[in-house]
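Reading the structure
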Amino acid sequence: MKKMLILISLLPSVSFGAQADYDGFAAFRDTVWGAETDSLYYVHFGETMSFDSGGDLVRPSENSAAIAFETTLPSSAWIHYGDAADTTGWAAADTTDHGDGNYFNQLRYITGLTANTQYWYHLVAVDERGNLINSDTRTFTTLADNRAGVRHIDGTGTFPQTLGDSTYVVTANIDADNRAFTIASNGCVLDLNGFTVTYDNDTPAVGPGESATWDEYRDSNVSSFGIKINSGITTATIVGGTIAQGTESSAGDYNIGYGFNPIFVYAANGGDIEIALMTIEWSGDYLSGITGRSGEGEIHHNIITDKGTLVGNRQQGRKAIMCGDWGVHSVYNNLIKRARHQAIVLPTEAYDNEIYLDSWSTNSYGIKPHQNISMDRNKVFGTGYHPIGLGWALPNGEDTVVDSLMYRENFIHMRGTAETSRDAEYGSQASVVGIRHTQYSGSTYDYNNFLVEDNTIIIQTQVGTTDGRGIQITSDDHVLNFVVKNNIFKNENLYGSTTANGCVYLMGQENDWAAALPVVYDTNTFMANYTIIDGTDDYQTGGNHHFRNCTLIKFGALAGYETIRIGYYNRPVYLNRFIDCSVSGGAALNDNLFLGSPGGLRNYAVGRSLWITATSDGSTPIAIGEISVGDNTSWAYVDTTDASGLVRLELLEYDYEAVAGTGEPTTPTTTEHTSHEITGGGYTVSVTSEIWNATTSESVPLTINFSSGGTEPGFSFDSASVTDNVLTIGWTDAASSEWQVQATINGTTSYTILVDSASASFPVAAGTIDIKVTGNASGFTQGGASN
């Protein structure tokens with residue numbers, strides 16, 4: 001444990017250089033990420049490690065088996081195997097390698113096997129606490145080596161080799177001067193059988209900057225892609241081994257990133273391209289890894305390592321997995337040990353991937369999705385220039401709408417270091433972000449029905465980190481129904497750092513702030529030791545960010561802590577509110593710092609919600625009707641009931657505001673909200689203490705009557721007794737009104753009297769008595785009891 005503490009104390013001085021520093025990043029990765037670095041790993045994944053069967057995939061070949069599996073906590077893992085069911089006879093040496101660190105996703109190759117033979121095996125894993133687990137005994141059978149139609153590739157001959165519509169099994173390691181293989185026919189299966197293909201070992205025959213433009217290079221038959229799937233192919237499979245860039249480490253095109261990619265797919269849409277159980281490495285400048293320029297299919301259960309650093313045109317990006325703008329690409333259960341820029345771009349489905357970003361340029365996304373997809377259960381870790389865990393989709397082609405983008409059950413841990421000069425675009429920086437959505441200034445793209453749910457996001461920054469943002473979402477009149485729900489956000493400044501660092505950054509378009517639609521944060525936990533809510537960003541500030549039922553927690557005793565900071569330059573930070581929120585650890589909703597010079601309009605409000613069923617006569621709901629809340633200020637809240645009269649209202653308690661031009665720092669004006677009134681159906685009800693203090697929910701609303709005969713709710717039944725056949729009823733009345741008192745005995749109405757007081761007595765016969773008190777003009781039932 002002492003060694004770990006020493007390593008952590010040295011991290012502020014860590015920086016990464018050229019590709020030779022991959023080992024430095026690996027050491028950093030193994031030190032700052034892992035279940036023992038933060039207790040939220042165990043909160044999210046559970047305390048006890050097990051094997052997750054959802055990550056299992058076994059593919060035997062003739063002389064090997066590729067086996068992928070997943071553990072629920074990071075682990076060092078291997079496979080123990082033998083050729084008999086009795087495990088006592090398995091040799092200790094018959095194990096795979098243990099990998100080079102602790103990971104969730106694992107891929108191992110069992111090699112040197114005999115064809116057409118059954119084998120038994122165990123999965124074995126050790127977590128960071130030293131707990132070892134074994135799987136049950138499992139089995140596979142290797143493929144026969146004399147199958148009809150199967151061709152073998154023994155590494156001899158010249159390359160590239162063109163593959164047709166057969167199954168090809170590699171039987172030795174392959175070294176190719178330039179390209180290794182071209183898949184030129186549908187139905188081709190390239191089975192690497194546990195072996196390694198190394199390409200780009202000699203001077204390129206053709207390449208960008210040499211004798212061809214990038215498109216000519218793409219279409220060349222001898223360019224140095226490791227494996228190329230030709231244009232027009234709809235079905236092909238690459239599986240079960242390693243492909244690595246060789247000693248030339250050639251550079252791709254600066255702008256596009258084509259050239260010398262390990263796998264380049266230029267297939268036709270409407271098919272099924274599968275790339276699975278592969279180990280892929282490359283290091284050349286400006287290069288992406290698996291490049292799906294077009295085509296459709298699945299990319300899954302691979303281990304991918306980018307050992308390069310130069311990005312080139314960051315607008316094009318350098319990707320570990322590029323899915324292209326067309327087609328359908330399902331990307332899952334991949335382990336990306338390092339990506340220099342972006343990891344997975346434009347998938348139409350992305351789940352259970354494990355990603356490590358070492359960012360060398362702006363906008364380094366763990367996943368930048370296609371529109372209208374789900375990103376589920378991914379684990380994203382990042383550091384460097386500008387890593388972002390999960391991004392958002394831009395409209396595709398002529399579309400202007402992105403709908404129903406889902407972020408669910410992901411785990412994101414970003415670690416800021418001292419700023420670096422890796423990219424000249426914005427100078428030296430080190431900015432880390434968990435989840436990001438941006439509506440750029442002037443854009444009218446529609447983003448509808450986004451959901452961020454059940455994720456855990458940890459942001460850590462140190463001295464010299466530019467900023468750390470848990471989540472940043474742009475509020476805008478074209479961003480509709482964006483909900484952030486049931487997540488945990490933790491932002492931690494390390495080593496006494498005062499880096500700008502917030503769980504939530506309040507983003508918006510300053511030129512259209514008044515029309516922005518709400519971004520809703522519902523039932524989240526926010527914890528931080530410096531700032532929880534931040535609206536001081538120089539990139540964007542905005543408003544209509546609504547926090548409902550959230551918990552704000554301060555931890556530690558870092559100097560300069562403020563729960564809420566808002567204000568930058570002259571930009572407005574407006575109409576933000578905290579409803580039904582709780583605080584602990586020293587966090588407070590009135591603990592704020594207002595900045596901005598000369599200062600724009602800055603405000604936020606605090607209050608509570610009220611679920612009501614609105615009726616017009618005590619039983620008839622006001623369906624699809626407008627209900628509004630007003631108070632002693634000019635503020636108002638308006639919503640519409642559903643078909644049953646149900647509606648959620650918001651009542652403010654106080655707000656803080658600094659008007660434009662008041663400079664920084666400034667003490668905001670505090671306004672208390674009183675004299676709340678609720679209006680519906682043309683009638684107004686005053687909010688009494690009973691209403692204000694009522695505990696309500698969507699399933700347990702408070703019934704409020706709006707009618708000429710109704711009064712303020714606040715009625716309570718106090719007593720009902722029978723003495724000598726005389727019934728006496730007492731109640732508390734919030735207003736003097738004429739009441740109708742009715743006694744029903746055994747289902748038959750016995751007496752009805754009108755009274756203008758808070759009690760009534762009349763004779764009754766023996767039996768079970770039900771009592772109700774109603775407004776005489778409407779019959780609205782205010783209460784009831786049985787004697």
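Our structure's up above, just so we're on the same page.
Residues numbered from 1 in each chain as written. Predicted model: local features only at pLDDT ≥ 70, side-chain atom pairs only at ≥ 80, totals over all residues. Heavy atoms only, no water.

1. A short note on the overall build of the protein
- Scanning the protein from N- to C-terminus turns up five helices and 68 strands.
- For the protein, with 787 residues in total, the buried portion stands at 57%.
- Sequence-distant contacts in the protein: of pairs separated by 6 or more residues, those separated by 24 or more amount to 71%.
- A total of about 29000 Å² of accessible surface is found on the protein, and carbon and sulfur atoms cover 47% of it. (Helix = DSSP H or I, 4+ residues; strand = E, 2+ residues; numbered from the N terminus. Buried < 20%, exposed > 50% of the residue type's maximum accessible area, 1.4 Å probe, protein only. Contact = heavy atoms within 4.5 Å. Areas by Shrake-Rupley, 256 points an atom, 1.4 Å probe, with all protein chains shown as cover.)

2. Digging into the packing of aromatic side chains
- As enumerated under the stated definition, the model contains 33 aromatic pairs in all.
- Through a chain of ring-to-ring contacts, three or more aromatic side chains come together here, namely Phe25, Phe28, Trp33, Tyr41, Phe45, Tyr103, Phe104, Tyr356, Phe381 and Phe411. (Phe/Tyr/Trp six-rings, centres within 6.5 Å; stacked < 30°, edge-to-face > 60°.)

3. A short note on the environment of Glu70
- Mapped onto the secondary structure, Glu70 falls in strand β2 (residues 64-82).
- Overall, the relative accessible area of 3% leaves Glu70 in the buried class.
- Sequence separation of Glu70 and Leu107 is 37 residues, and the distance between their C-alpha atoms is 8.7 Å.
- Sequence-distant contacts of Glu70, that is, excluding residues within four places in its chain, are made with Ser50, Phe51, Asp52, Gly55, Phe104, Asn105, Asn333, Asp352 and Lys379.
- Within the local environment of Glu70, its side chain forms a polar contact with the side chain of Asn333, the two groups lying 3.3 Å apart.
- Within the structure, the side chain of Glu70 is placed 2.8 Å from the side chain of Lys379, a separation counted as a polar contact. (Polar contact = N/O pair within 3.5 Å; in protein donor to acceptor, adjacent residues only side chain to side chain.)

4. Notes on the environment of Gln371
- Here Gln371 shows up in the loop between β29 (364-368) and β30 (374-376).
- Measuring from C-alpha to C-alpha, the distance between Gln371 and Ala393 comes to 5.0 Å, with 22 residues separating the pair along the chain.
- Not counting the four nearest positions on each side in its chain, Gln371 is found in contact with Ala393, Pro395, Asn396, Asp399, Val401 and Val402.

5. Thoughts on a negative patch on the surface
- Judged by side-chain charge, Asp175, Asp177, Asp202 and Glu248 come together as a negatively charged surface patch.
- By the secondary structure assignment, Glu248 is in the loop between β16 (242-245) and β17 (263-266). (Patch = residues over 30% accessible without salt bridge, like charges linked within 9 Å, V, L, I, M, F, W, Y side chains within 5 Å. Salt bridge = Lys/Arg side-chain N within 4 Å of Asp/Glu carboxyl O. Lys, Arg positive; Asp, Glu negative; His and termini not counted. Charge placed at Lys NZ, Arg CZ, Asp CG, Glu CD.)

6. A look at the nonpolar core
- Counting residues in each nonpolar core, the largest one holds 107 residues, and the members touching the most others are Phe181, Tyr521, Phe526, Phe547, Leu552 and Phe578.
- Sequence-distant contacts of Leu552, that is, excluding residues within four places in its chain, are made with Phe526, Ile532, Ile533, Thr563, Phe578, Cys581, Ser582, Val583, Ser584, Ala587 and Leu589.
- Grouped together as the second largest cluster of nonpolar side chains are 43 residues, Ala35, Ile133, Leu335 and Ile458 included. (Core = buried A, V, L, I, M, F, W, Y, C linked by side-chain atoms within 4.5 Å.)

7. So, helix α2 (residues 22-32)
- All buried positions along α2 are accounted for by Tyr22, Phe25, Ala26, Phe28, Arg29, Thr31 and Val32.
- Positive phi appears at Gly34, one or two residues downstream of α2, with a value of about 150 degrees.

8. Here's the deal with the sheet that holds strand β33 (residues 401-403)
- Taken in spatial order, the three strands make up an open sheet running β33-β37-β41, and their pairing is parallel. Edge positions in the sheet fall to β33 and β41 (479-480), since each has one partner strand and no second. (Pairing = 2+ DSSP bridges.)

9. Topic: the state of the cysteines
- For the coordinates displayed, the defined rule picks out zero disulfides.
- This cysteine, Cys581, is not joined by any disulfide, and Cys550 carries the nearest cysteine sulfur, 4.8 Å off. (Disulfide = S-S within 2.5 Å.)

10. What to know about a nonpolar patch on the surface
- A cluster of nonpolar residues, Leu394, Tyr440, Tyr445 and Tyr539, forms a patch on the protein surface that exposes about 350 Å² of accessible area.
- Relative to the helices and strands, Tyr440 resides in the loop between β36 (431-437) and β37 (446-448).
- Note on Tyr440: relative accessible area 35%, which makes it partly exposed.

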